[in-house]
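What follows is each chain in one-letter form.
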Amino acid sequence: MKGKRFSKKFLTGQIFTYFILIFLFYCLLPLGVASSEAPPQFVVTWGSEGSGNGQFEIPTGIATDMGGNVYVADTYNHRVQKFTSSGSFITSWGDVPKGNGNGEFDTPIGIAVDGSGNIYVADMGNFRIQKFTSSGGYITEWGSQGSGDGQFEYPYSIAVDSSGNVYVADTNNNRVQKFNSSGSHLRTWALGDFAGEIILPYGIAVDEDGYVYVAEIATNRVQKFTSEGVFLTRWGSEGSADGQFHEPSGIAVDGSRNVYVADSHNNRIQKFTSEGVFLAKWGSEGSADGQFSSPQGIAVYANENVYVADSLNNRIQKFSYQPTLITLDQFTAVPEKDRITLTWTTLSEIDNAGFNLWRSESENGTFIKINAGIIEAEGGATLSAEYSYPDTTARPGVSYFYQLEDIDTKGISTFHGPVSAMLPKATVFYPPYWFGGWYTEVLRFTVNNTSYPLWWPSR
């Protein structure tokens, strides 16, 4: 039988078609790397090592609520702390020593907030999930140690979708578990040698469409699933280039479905599209503003503010895509006779609405606003301005710390400081011993706002 013969024209056409198909195939693949965009700007940081209010022992998980408040899983203080968006302490619950009672923790790691403001905590050392009100009131819990449905082997992180379903990265069981808001088990995935296999999941996040993103610390990758656990795509490999990871931990998604990854051992944050296309990165190893030491957790609020749990630096850093655009020349606190005068000078102000002043009696304590109404902006894009505010409620002998908040026309805040000052203690005057008796103060009179005592011999 004669073999079939192909003409040169036919072969050329086939080869051309083949190359066109290959070209189209690669065009349809996610590229993984795109031209990068500008990262957000550093705004403020708070925290230090310790167990006081606003201090941390390895903060890990971080989340925000609808009002912009920030919740931190203070892991080795075995507690949760709640802050304003600028880092002022609000409240905390749980505490050292660790425990396993209602509202107690053993190395809490992950934290998430649902649309009603309820707080979910991955209580890792107790192999359970606990649910609280926004002020720390205990609601319920579920879980125990094991590999059955609803059991955990070191649950590391947690996320909640818009329907209130709860997703848990069940780390040492190499799987994700899905629950309803009361803790009833709904679904488990995935363990096995296939696309979508999960190996040591550390971070988990859900976008507004219900897609689930999992950061795997062992495989240095991110995987994307449907809400039912169907594998969609993955990206990442070990390394330090754009789109590569070295032990990714925390993961978050903004309202535009961009994905942020805490690339822990590369000491940076990376930002991607929902399909894994690289967009931006920021950070390096260190303790200066914008630097990190093993960042573990990340949260995004309103597409503008990014909060990072800078774990080994024991602090939280806040970044913003739309910070207030002022150039601050100086901010000082000067003690005077009966007040502390706060002064600041701006070199330029763009879209600045005004200022607030905040005071605390410790650098890491709770800051309280001291001005009644906003201090209106007076500068402009090419116009400098000088400001002054008297703190007449300062007490002698107390060290005060002050922060300056500037607020843009969209209501976004940037904090400066703190600066500190202390009024000297008043000198106590004891009248001399006179003719065998002591003086007694019998009345006081005031001249030019200064109070003077009138002394009289006591005997």
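Residues numbered from 1 in each chain as written. Predicted model: local features only at pLDDT ≥ 70, side-chain atom pairs only at ≥ 80, totals over all residues. Heavy atoms only, no water.

Visitor: So, unusual backbone geometry: which residues are in play, and what are the values?
Guide: The omega angle of the peptide bond from Val 96 to Pro 97 is 0°, so this bond is cis rather than trans. Within the fold, Pro 97 resides in the loop between strand E5 (89-93) and strand E6 (108-113). Omega for the peptide link from Gly 417 to Pro 418 comes to 10°, which places this bond in the cis form. Assignment of secondary structure puts Pro 418 in strand E32 (residues 413-422). (Helix = DSSP H or I, 4+ residues; strand = E, 2+ residues; numbered from the N terminus.)

Visitor: Mind laying out the pattern of salt bridges, listing which residues take part and the relevant values?
Guide: One pass over the structure, following the stated rule, counts 18 salt bridges. The closest approach of N and O atoms between Lys 224 and Glu 275, which form a salt bridge, is 2.8 Å. Of this pair, Lys 224 sits in strand E16 (residues 221-225) while Glu 275 sits in the loop between strand E20 (268-272) and strand E21 (278-282), placing them 51 residues apart in sequence. Overall, the relative accessible area of 37% leaves Glu 275 in the partly exposed class. Between Asp 263 and Arg 268 there is a salt bridge; the shortest N-O distance is 2.7 Å. Members of the salt-bridge network, linked through shared partners, are Asp 123, Arg 128 and Glu 141. (Salt bridge = Lys/Arg side-chain N within 4 Å of Asp/Glu carboxyl O. Buried < 20%, exposed > 50% of the residue type's maximum accessible area, 1.4 Å probe, protein only.)

Visitor: Could you give an account of a nonpolar patch on the surface, with specific residues and numbers?
Guide: A surface patch of nonpolar side chains, amounting to about 250 Å² of accessible area, comprises Tyr 211, Val 230 and Leu 232. With respect to the helices, strands and loops of the structure, Val 230 is situated in the loop between E16 and strand E17 (231-235). Classification of Val 230 by relative accessible area gives partly exposed; the value is 48%. (Patch = residues over 30% accessible without salt bridge, like charges linked within 9 Å, V, L, I, M, F, W, Y side chains within 5 Å. Areas by Shrake-Rupley, 256 points an atom, 1.4 Å probe, with all protein chains shown as cover.)

Visitor: Explain the pairing of strand E2 (residues 59-64) residue by residue, including any values.
Guide: By the criterion of burial, E2 is predominantly enclosed, with six of the six residues buried. Hairpin geometry of E2 and strand E3 (residues 70-74) is characterised by an intervening segment of five residues between the two adjacent antiparallel strands and by a positive phi of about 90° at Gly 68. (Pairing = 2+ DSSP bridges.)

Visitor: I'd love a proper account of the sheet that holds E5, names of residues and values included.
Guide: One open sheet holds the four strands; their spatial order is E2-E3-E4-E5, and the pairing between them is antiparallel. The sheet is open, and its two edges are formed by E2 and E5, each paired on a single side. Put simply, the sheet's adjacent strands are angled 20° from each other on average, direction ignored. Relative to strand E4 (residues 79-83), E3 is paired through five bridges, and the arrangement is antiparallel. The residue bridging Ala 73 from the neighbouring strand is Val 80, located in E4. (Axes fitted to C-alpha atoms, helices over the stretch in contact; angles between N-to-C directions.)

Visitor: Please give an account of the sheet that holds strand E12 (residues 175-179) that cites residues and values.
Guide: An order of E10-E11-E12-E13 is seen for the four strands of this open sheet, with the pairing classed as antiparallel. The open sheet terminates on both sides in strands that have one partner only, identified here as strand E10 (155-160) and strand E13 (185-189). Here the average twist between neighbouring strands, direction ignored, is 20°. Both E12 and E13 contribute to a ladder of four bridges, which runs antiparallel. Note on E13: the bridge partner recorded for Lys 178 is Arg 187.

Visitor: Lay out the environment of Ser 311 in plain terms, naming residues and giving numbers.
Guide: With respect to the element layout, Ser 311 can be found in the loop between strand E23 (305-310) and strand E24 (315-320). Ser 311 sits in the buried class, given a relative accessible area of 1%. Considered as a pair, Ser 311 and Gly 297 are 14 residues apart in the sequence and their alpha carbons are 8.0 Å apart. Only 3.5 Å separates the side chain of Ser 311 from the backbone oxygen of Ser 294, close enough to count as a polar contact. (Polar contact = N/O pair within 3.5 Å; in protein donor to acceptor, adjacent residues only side chain to side chain.)

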